[in-house]
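Observations on the model geometry
Take a look at the letters that make up each chain.
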Amino acid sequence: MKYFQFKNIIGTALLALFFVGCSDILDETPRATFTPEYFKTQEGAEGGLTYLYANLRYMFGNGYFLNAYETGTDEYTYGFSADEQFKAMDYSGAGVLTSANSNSNITWEYAFKSINTANGIIQYGTDAGVSDAYIAEAKFFRAFNYFLLVQTFGGVPLDLGSGELAFNTSPSRTSVRNTVAEVYTTAIFPDLLDAIANLPEEGRATGTATTTLARLFLAKAYLTYGWWLENPNDIATYPFVDSRTDPDGQSASWYFQEAYNVAVTAIDNPGPFSLQTSFYQIHVGSNDRHSEMLLYADHTEDSEYYDGSSHSYNSGSAPGNFAAWFPNWNYSGNLTSYTASGSALISTQREEAQPYGRPWSRMSTPIGVFEDTFGDKTYDSRYDGTFNTVFRGNWQKNSSYEGSDYDVLYNANNLAVEMGDPVLTFVNEDSSEISYPASSSEDKSGMGAGTLPGRADWIVGPSAISRFAWPTLWKLGPYVSTHEQDGGLGSPNSGITRPFPIAKLSELYLVAAEAAVKGASGTYSAIDFVNVLRARAGVWTYSNSGDSIVSVDYSAQMIANTPSAITIDYILAERSREFFGEGYRWLDLVRTQKWGEIAGEFDICSDASKENAHVHDRETFNRTITEKDYLRPIPSNQIDGLEMSEADKEAYQNPGY
């Protein structure tokens, strides 16, 4: 029998979740369900909180979840191996998004599971004498998940079957959606205010919720709700209301000011958190769980059981972390060098290392990202700290290619490359000196790359980036400390054991800057906030493209290049430079109602196979983004399970789906 998914008692077994690097861990006996009686115990409240952290892994780090919030923006389009789900999310005519193929169903399913668990902790935890801090932790997660839902779907139910914000223990086949304003003012804002008042400054275990984390999400929620009230492009909301008004009678400008105030309070009082010295340090795998990370979906390389994923082979399923596979082109199947005897050999092998990892080729990056978003590649380290642009020889890490016969391979211009040398480089600028192959028979690189005189590496310029090959997302790539030591290729088909980032201290600066652009005022201006991150972006401590330690500070140049007038478009560009590929982008463009304006058109070379990879015909693609697309469809299996008339089901679904 079908039934509405979120009303069910949690049906996913509760796995213990380790927070690596601290003697305190969140640990609990696996359970198939939660009950009121269980939540009335200290063990039950702690077990429920552990579930809330563990459940993050079903969304964050899930490649299909990443597709739902990245593909179709200016950051990503569909790639060579994309199927219907990715093409439909792109809005460029290759597919049509429906309630059956939208990957937003992941958000609906797992957010409501967490909400119901949080309801149980909040409702029954006081009977067990659970501390206010524990209850506040549950309230943070209830607000966190409702905030994600309301941004994605519009108004959603506060009553899951047993009353508003109450724990539900039995299937409910009816549902009523609350309005957007009700979700914010009844659930999100009160819960986050309580969390701020009662959460500790320093988490009870590594990676757990804190006052600073709650302040970030309250500031984001105020900012987003302010935009919703203002509604600059007159986009319809759903469930339908005659006018976008706040139940408490506050204006959009009031919420922008509160977003500013809360963000500034967090910036001035960050507790144990601090910005990393350089952008590189935020994302290098050897420095995970650092002081800038406020929340992440954690994993461990020490145990498959506690990680919830195979460390030898993951088929692409949660709770494994596999998001970085999707924007990874198939370098390990198409990039070729040659032995002395003229035999072709894959010189960059598939490796479990941060620049590489498993390639699924589902999401490719438009040319504008490299020409415009990351136009400054000299002073701004964020391009080098986001992408892998140099693919290096690692063939002898494969035991099949050990020995002197493979000490040297021959590459572009028939020049020699040794282990660790660049085999392919996506260069920063186009050049008339780059010579691309005229036909597939002349394509010696195997992926359509060109040559530059005197260089042994194959070359691709920005305007030749295609759906077949593009710079890959270094920042989220795999890192395993034991593999780094053994010198082999590791297990690149395993789930990634790094924590997936969800929230960083740095975002507070851009939330405050955006609120300032929207009219909020205080001690600091928008340019003050922006320049903190831009100055940090000018600090280079490592060059990924050069594979070397560096010590260069271009902070002064970065600040000098900041425009004197900060606009929303500039804030959005800075957000892309800071958080590229991490799942922020669709929400950012929808919040500001800039999606169609910024992502409605993009360029890419459409060559989409090994046979025609040599064809670098840059094309402009247009997206059809309409008013109804600003909300994702409620999953069809949820609608089908409702015991309502067909007319009521249609009314429950977002318009146009």
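Just so we're clear, the structure is a prediction, and the values are computed from it rather than from any experiment. (Residues numbered from 1 in each chain as written. Predicted model: local features only at pLDDT ≥ 70, side-chain atom pairs only at ≥ 80, totals over all residues. Heavy atoms only, no water.)

Considering the overall build of the chain
Filter applied, for reference: Only DSSP runs of H or I reaching four residues or more are called helices, and only runs of E reaching two or more are called strands; each is numbered from the N terminus. The reference for a compact globule is 2.2 Å times residues^0.38; the radius of gyration itself is calculated from the C-alpha atoms. Throughout, exposure labels follow a simple rule: accessible area from a 1.4 Å probe, protein chains only, divided by the maximum for the residue type, with under 20% read as buried, over 50% as exposed, and the rest as partly exposed. By definition in these notes, contact holds between two residues if any of their heavy atoms fall within 4.5 Å. We treat Lys and Arg as the positive residues and Asp and Glu as the negative residues; His and chain ends play no part in the count. Where a charge lies is defined by one atom per residue type, namely NZ (Lys), CZ (Arg), CG (Asp) and CD (Glu).
Along the backbone of the chain there are 22 helices and 17 strands. Rg of the C-alpha trace for the chain: 25 Å, near the compact-globule value of 26 Å for 657 residues, within the 12% margin. Counting only C-alpha atoms, the chain reaches 75 × 50 × 50 Å along its principal axes. For the chain, buried positions account for 62% of its 657 residues. Long-range contacts, defined as pairs at least 24 residues apart, comprise 74% of the intrachain contacts of the chain with a sequence gap of at least 6. Computed over 43 positive and 81 negative side-chain charges, the separation of the two mean positions in the chain equals 3 Å.

Concerning the sheet that holds strand β11 (residues 458-460)
Two strands in a sheet stick together by hydrogen bonds in their backbones, pointing the same way (parallel) or opposite ways (antiparallel). This is how it is decided: Should DSSP find at least two bridges between two strands, the strands are regarded as paired. In this analysis, axes come from line fits to C-alpha atoms, helices being fitted only over the stretch in contact, and the angle between any two N-to-C directions falls in the range 0 to 180 degrees.
Taken in spatial order, the three strands make up an open sheet running β7-β10-β11, and their pairing is mixed. Strands with a single pairing partner mark the edges of an open sheet, and in this sheet they are β7 (390-392) and β11. The average angle at which neighbouring strand axes cross in this sheet is 10°, direction not considered. Relative to β11, strand β10 (residues 422-426) is paired through three bridges, and the arrangement is parallel. Bridged to phenylalanine 426 within β11 is valine 460.

What to know about the nonpolar core
Convention followed: Buried Ala, Val, Leu, Ile, Met, Phe, Trp, Tyr and Cys residues that are joined via side-chain atoms within 4.5 Å together make up what is termed a nonpolar core.
Grouped together as the largest cluster of nonpolar side chains are 169 residues, with contacts concentrated most on Phe140, Tyr146 and Ile188. In terms of residue count, helix α6 (residues 132-153) provides more of this core than any other element does, 14 residues in total. Once you skip the residues sitting within four places of it in the chain, tyrosine 146 turns out to touch Phe112, Ile115, Val156, Pro157, Leu158, Leu160, Leu165, Val183, Ala187 and Ile188.

Brief notes about the side chain of threonine 73
For clarity, the threshold we go by: By the criterion applied in these results, polar contacts are pairs of N or O atoms within 3.5 Å in which, for protein atoms, one can donate a hydrogen and the other can accept it, and in which residues neighboring in sequence qualify only through two side-chain atoms.
By secondary structure assignment, the location of threonine 73 is in the loop between α3 (63-70) and β1 (77-78). Here the side chain of threonine 73 touches glutamate 70 through a polar contact of 2.7 Å, landing on its backbone oxygen. The contacts of threonine 73, once residues within four sequence positions are left out, are Arg585, Trp586, Leu589, Trp595, Ala599 and Arg623.

Side note on the pattern of salt bridges
Close approach of charged atoms lets side chains of opposite charge pair. Selection rule: Between Lys or Arg on one side and Asp or Glu on the other, a salt bridge is scored when a side-chain nitrogen of the former is within 4 Å of a carboxyl oxygen of the latter.
On inspection of all chains with the given rule, the structure shows 33 salt bridges. Across the pair aspartate 457 and arginine 455 runs a salt bridge, and its minimum N-O distance is 2.7 Å. Arginine 455 gets classed as partly exposed once you look at its relative accessible area, which sits at 32%. One salt bridge connects arginine 575 with glutamate 507, and the closest N-O pair in it is separated by 2.7 Å. In this pair, arginine 575 is assigned in helix α18 (residues 568-579) and glutamate 507 in helix α15 (residues 507-517), connecting sequence segments 68 residues apart. Of the two residues, arginine 575 and glutamate 507, both sit in the buried class.

Looking at the confidence of the model for the chain
Here is the rule we go by: Across the chain, each position has a pLDDT score giving the predictor's confidence in that residue, from 0 to 100.
The predicted model of the chain has a mean per-residue pLDDT of 93, with 95% of residues at 70 or higher. Within the chain, helix α14 (residues 481-486) has the poorest average pLDDT of any element, 77, and α15 the best, 99. The model gives residues 1-30 a pLDDT under 50, and that stretch makes 104 contacts with residues more than four places away or in other chains.

A look at the pairing of strand β2 (residues 293-297)
Here β2 lies mainly inside the structure; five of its five residues are buried. Relative to strand β13 (residues 500-504), β2 runs antiparallel, the two being bridged by four bridges. By the bridge assignment, leucine 295 is partnered in β13 with alanine 503.

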